[in-house]
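# Observations on chain architecture
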Amino acid sequence: GGRGQLSSRGGGRGGRGRGGDEWARRDGAPGWTKTLDAETQAQVVADNQSMAKHAQHKQLTEATAIYEKLVAAETANRFSYTIFLNACARCDAVEQASETLTHMVKAGYSPDVVAYTTLLKAHCARGDIAAADALLLQMAAAPNVRDVVKPNVRFVNTYLRGCLLAGHVDEGWALFKRLGSQWRLEPDLSTVEYIVQLLAQALRLGEAEALATKYAALVAAEPAIPLALARAAALAAEFRKCEAHARDTLSAIDRAEAAADGTGGDGSDDDSDDEPRVPTPVSLGTGRGYNGGNWGSAQKVVADGKGANSTAGGKRAWKTGDEARARSNDAYRSARRAGQRSDAQSLLDLAVALLKPKSKKQKNEEDAKPDAGATTKEANTDGKKAAPEEGVMLTKPDLAGALHRLVLCKGLAAAGADAKKAARALAKASRAFGVKQGASEERLRVYFKSRLTNKGVLSLPRLFAEPKLPLKAEICSGTGEWACAQALHDEGVANWLAMEWRTDRTHVAFSRAALGGVKNLALVGGDAAMLLGERAGKGVLDALYVNHPEPPQQNGAELDPDAPQGKHLLTSAFFKSVHLALKDGGMLCIVSDSQWYAGLLLRTLAGLYDGAGFYNVPQPTKGDEAMREHARQGVIIVYEGRPGPASGHNASGDFRSYFDRLWDTSRKTERYVICLRKKGGGVPAEGITGKPSVEAAGRHTIL
């Protein structure tokens, strides 16, 4: 027989089993010599495949039932444990995932690198890099040398992606340096993409460029890397570099699209989750196992970190050969590429315009303007002003002013209600976006301290130059396209917040606003539920928008419609926080392209506030912006159609968002809208849906 599958080591029994079957356990473990007949083995494989499908759709209850049946019958194999780990990870059941790893060990199965990577994914999805570090120590702390599990490239990539999502620059850089020196691993495309983006968003441009140059052949067709460098260069006011990187991005997009046209693409999707593969009955006992995402020889793959597919250990490798998923990703890849092209072209136009020599009149006008604040290099070198490029008059982005409108919530939970600790946490978190330790960070600490109450509540209106204007917010704002467009439309009329959990997306939105001069938009990176529930105060928002929130599961039709199993943002507790944060008459508008999820939200809101907390905002039934009633429960209505000014989407016709591009490529047309106002003693403040200022009407966002 073969040596088993999903192994994390070389020869020997530890973790690999005897005789090559995946039911074999460590020497001395209970039942490790138990043999199963062919029929039972086939049933376990079928159960594992069913459990993997439930994991993919975030159906934790169904996956748990299968897992518990296998464990009770003592027929669970290492795949069973790893697949259930993945189900827990995808549903954010991190504690349950950790318990499953413990049960796996007690059952006699040594966790391999795939099991550890699956649990790592759960920790990183929460942004818990401290737990990820503890897991890494656990892998190396086995009592027997043969049980030590060495990370592979996929493990490293999962860790780096977690650092990118949560803004942990130093931790990511430290791990990357161990890749070759300690583990003798070669980075793949995903590795380089993540570490370059992480360094670039921290404005460590030189280090990021050096890595991109070192791995130039590997990253030639990945536009995300030069695009990250172009953004960083623009924020650092190095516009010659910005121009070069923007041109490189456009060339990389052309190459990527040409490759996709010729081969059908790689089936990759930047935001997709990956699941452990389940072996088919044909693969059992054949000596074939997991190999960088494919089922091939497992003899050396994880033992030395090499093998035929060792450089494809990232997000792309696990979907090789999965034709259905590749087809479903075509639309996402096309929309993403279109967005990258648009951003790169905007950065190129910006760089070319700012590098163009100024006339004497323009120079005199600029000299006469008051200083808008510290320049980029002043903000990042503690006041040491750098000379502009020779022969070129540059207009630098007001990075210091943009940083005053940036709230990164990392560390706020640990600060509690202590305003001093909260201010320190907010300033320290800004290091992820290029703020240096020292005077720059101290200035930010003082700034935030002046905007926090003694109990640590943040005065959101005071983040803006005109704090008395109405305040609107978008939650799940992604890279900020929609929020930037709405803020420009409302310039002089309202201020805006864009809230996004992922730090990398927050950085793109931050760059978009800073380079576009959108000064009535503040960026919030972190847990929106925590911010609204603990830091925002009561009655502070005039409107709140949630565009295309991620559903708690991918398939709800076959399940109890009122019992979602994956974690999601729009829960009863969240809506209670929203109700407190809104002013009387304040608007809540939710847009989703999931009919099932819209129905769940309808029932959730109706159960909480039917006839008490909110009232419906009627939508137009005639004309170009007509919508139709799709479902109703009490006074809460779900409309079907494209949201417009009646639901606060005032700039919808002025630009194309990511979801607009996605709908174009996937030919989706269904959009479900819930639009409500908070009941109270008054009506919304004047100007909430007012017309834009004359200056704003003719402007467009930079990126």
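Scoring rules and cut-offs
- Residues numbered from 1 in each chain as written.
- Predicted model: local features only at pLDDT ≥ 70, side-chain atom pairs only at ≥ 80, totals over all residues.
- Heavy atoms only, no water.
- Helix = DSSP H or I, 4+ residues; strand = E, 2+ residues; numbered from the N terminus.
- Buried < 20%, exposed > 50% of the residue type's maximum accessible area, 1.4 Å probe, protein only.
- Contact = heavy atoms within 4.5 Å.
- Areas by Shrake-Rupley, 256 points an atom, 1.4 Å probe, with all protein chains shown as cover.
- Phe/Tyr/Trp six-rings, centres within 6.5 Å; stacked < 30°, edge-to-face > 60°.
- Salt bridge = Lys/Arg side-chain N within 4 Å of Asp/Glu carboxyl O.
- Pairing = 2+ DSSP bridges.
- Core = buried A, V, L, I, M, F, W, Y, C linked by side-chain atoms within 4.5 Å.
- Axes fitted to C-alpha atoms, helices over the stretch in contact; angles between N-to-C directions.
- Parallel < 35°, antiparallel > 145°, perpendicular 65-115°, else oblique.
- Left-handed = near helix turned anticlockwise from the far one by under 90°.
- Nonpolar A, V, L, I, M, F, W, Y, C, P; charged D, E, K, R; others polar.
- Expected span 1.5 Å × (residues − 1).
- Disulfide = S-S within 2.5 Å.
- Polar contact = N/O pair within 3.5 Å; in protein donor to acceptor, adjacent residues only side chain to side chain.
- pLDDT = per-residue confidence, 0-100.

## Overview of the overall build of the protein
Scanning the protein for helices and strands turns up 28 helices and twelve strands. Relative to its full complement of 703 residues, the protein shows a buried share of 56%. A separation threshold of at least 6 residues defines the contact pool for the protein, and within that pool the share at least 24 residues apart is 76%. Just so you have it, the protein exposes about 28700 Å², and 52% of that area is on carbon and sulfur atoms.

## Some details on the packing of aromatic side chains
On inspection of all chains with the given rule, the structure shows eleven aromatic pairs. Considering the side-chain rings of Tyr 67 and Tyr 81, the 5.8 Å spacing of their centres and the 80° angle between planes classify their relative orientation as edge-to-face. Note that Tyr 67 is positioned in helix 2 (residues 60–72) and Tyr 81 in helix 3 (residues 78–90), a separation of 14 residues in sequence. Looking at Tyr 67, the relative accessible area reads 8%, which means it is buried.

## Some thoughts on the pattern of salt bridges
Evaluated as defined, the whole model comprises 22 salt bridges. Among the ionic pairs, Arg 126 bridges to Asp 92, the shortest N-O distance being 2.9 Å. With Arg 126 in the loop between helix 5 (113–125) and helix 6 (129–140) and Asp 92 in the loop between helix 3 and helix 4 (94–106), the pair connects residues that are 34 residues apart, well separated along the chain. Note that Arg 247 is salt-bridged to Glu 243, the shortest N-O span being 3.0 Å.

## A closer look at the pairing of strand 12 (residues 672–678)
Counting buried positions over the seven residues of strand 12 gives seven, a clear majority of the element. Along strand 12, one buried face is formed by Tyr 672, Ile 674, Leu 676 and Lys 678 and the opposite face, lined by Val 673, Cys 675 and Arg 677, is buried too. In the sheet, strand 8 (residues 582–592) pairs with strand 12 via six bridges, with the strands oriented antiparallel. Following the sheet pairing, Met 587 is matched in strand 12 by Arg 677. Here three bridges tie strand 9 (residues 614–616) to strand 12, and the two strands are oriented antiparallel to one another. In the strand pairing of strand 12, Asn 616 is matched with Leu 676. Both strand 11 (residues 636–640) and strand 12 contribute to a ladder of two bridges, which runs antiparallel. For Tyr 639, the partnering residue across the bridge sits in strand 12 and is Val 673.

## Observations concerning the pairing of strand 8
Look at any regular strand and the pattern is simple: side chains alternate between the two faces of the sheet. In terms of burial, strand 8 is a largely internal element, nine of the eleven residues being buried. Two elements, strand 7 (residues 541–547) and strand 8, share six bridges in a ladder whose sense is parallel. Across the sheet, Asn 547 pairs through a bridge with Val 591, a residue of strand 8.

## Brief notes about the nonpolar core
Grouped together as the largest cluster of nonpolar side chains are 178 residues, with contacts concentrated most on Leu 497, Leu 521, Leu 532, Leu 541 and Leu 588. The element contributing the most residues to this core is helix 12 (residues 224–235), with nine residues. Setting aside its immediate chain neighbours within four residues, Leu 497 contacts Leu 460, Phe 464, Leu 471, Lys 472, Ala 473, Glu 474, Leu 521, Ala 522, Val 524 and Leu 541.

## Topic: the packing of helix 6 against helix 7 (residues 153–166)
At their nearest, the axes of helix 6 and helix 7 sit 10 Å apart, and the two run at 160° to each other. Accordingly, the angle class assigned to the pair helix 6 and helix 7 is roughly antiparallel. The two elements helix 6 and helix 7 cross, and the hand of that crossing is left-handed. Packed against helix 6, whose contacting residues are Ile 129, Ala 132, Asp 133, Leu 136 and Met 139, the element helix 7 presents Phe 155, Tyr 159, Gly 162 and Cys 163 at the interface. Per-class residue counts for the contact of helix 6 with helix 7 are seven nonpolar, one polar and one charged.

## Quick look at the environment of Phe 574
Tracing the chain through its elements places Phe 574 in helix 25 (residues 572–581). Among the residues examined, Phe 574 registers a relative accessible area of 2% and is labelled buried. The sequence separation of Phe 574 and Leu 532 amounts to 42 residues, and the corresponding C-alpha distance is 8.4 Å. For Phe 574, the residues in contact, after removing those within four places along its chain, are Ile 475, Ala 529, Leu 532 and Leu 569.

## Quick notes on the side chain of Gln 201
Relative to the helices and strands, Gln 201 is located in helix 9 (residues 189–201). Once residues lying within four places of it in the same chain are set aside, the contact partners of Gln 201 are Leu 164, Gly 167, Ala 432, Phe 433, Gly 434, Thr 503, Asp 504 and His 507.

## Some words on helix 7
Side chains of residues three or four places apart in an α-helix project in the same direction, reflecting 3.6 residues per turn. Across its 14 residues, helix 7 extends 20 Å between first and last C-alpha, which sits within 8% of the 20 Å expected from 1.5 Å per residue. With respect to burial, helix 7 is a largely interior element, 14 of its 14 residues being buried. Following helix 7 by one or two positions, Gly 167 adopts a phi angle in the positive range, close to 80°.

## Re unusual backbone geometry
Positive phi is not limited to glycine here, since Leu 203 has a value of about 60°. Considering the arrangement of structural elements, one finds Leu 203 in the loop between helix 9 and helix 10 (205–214). Even without being a glycine, His 548 presents a positive backbone phi close to 60°. One can find His 548 in the loop between strand 7 and helix 25. The buried category is assigned to His 548, whose relative accessible area is 14%.

## With respect to the environment of Ala 237
Tracing the backbone through its elements, the reader meets Ala 237 in the loop between helix 12 and helix 13 (239–263). A relative accessible area of 5% places Ala 237 in the buried class. Spatially, the C-alpha atoms of Ala 237 and Pro 397 are 6.9 Å apart, while their sequence positions differ by 160 residues.

## Notes on the state of the cysteines
Counted under the stated rule, the structure contains zero disulfides. This cysteine, Cys 163, is not joined by any disulfide, and Cys 124 carries the nearest cysteine sulfur, 6.7 Å off. Looking at the unpaired Cys 675, the closest cysteine sulfur is the one in Cys 589, lying at 4.4 Å.

## Some points on helix 3
The end-to-end C-alpha distance of helix 3 is 19 Å, a good match for the 18 Å that 13 residues give at a rise of 1.5 Å each. The element helix 3 is largely enclosed, with a buried count of 13 among its 13 residues. Asp 92 occupies a position one or two residues after helix 3 and carries a positive phi of about 60°.

## Some words on the environment of Asn 520
Inspection of the secondary structure assignment puts Asn 520 in the loop between helix 23 (503–516) and strand 6 (521–525). Judged by relative accessible area, which is 7%, Asn 520 ranks as buried. With 28 residues separating them in the primary sequence, Asn 520 and Gly 492 have C-alpha atoms 8.0 Å apart. Among all residues touching Asn 520, those that are not within four sequence positions of it are Phe 464, Ala 487, Asp 490, Glu 491, Ala 494, Asn 495 and Trp 496. In this structure the side chain of Asn 520 is engaged in a polar contact, spanning 2.8 Å, whose partner is the backbone oxygen of Ala 487.

## Digging into the confidence of the model for the protein
Interpretation of the predicted coordinates at a detailed level should be avoided for regions scoring low in pLDDT. Residues of the protein with pLDDT of at least 70 account for 72%, and the chain-wide mean is 79. Below pLDDT 50 for its whole length, residues 1–21 participates in 67 contacts with residues either more than four positions away or in separate chains. In this model, residues 681–703 is a region of pLDDT below 50 whose contacts with residues beyond four sequence positions or in other chains number 51 contacts.

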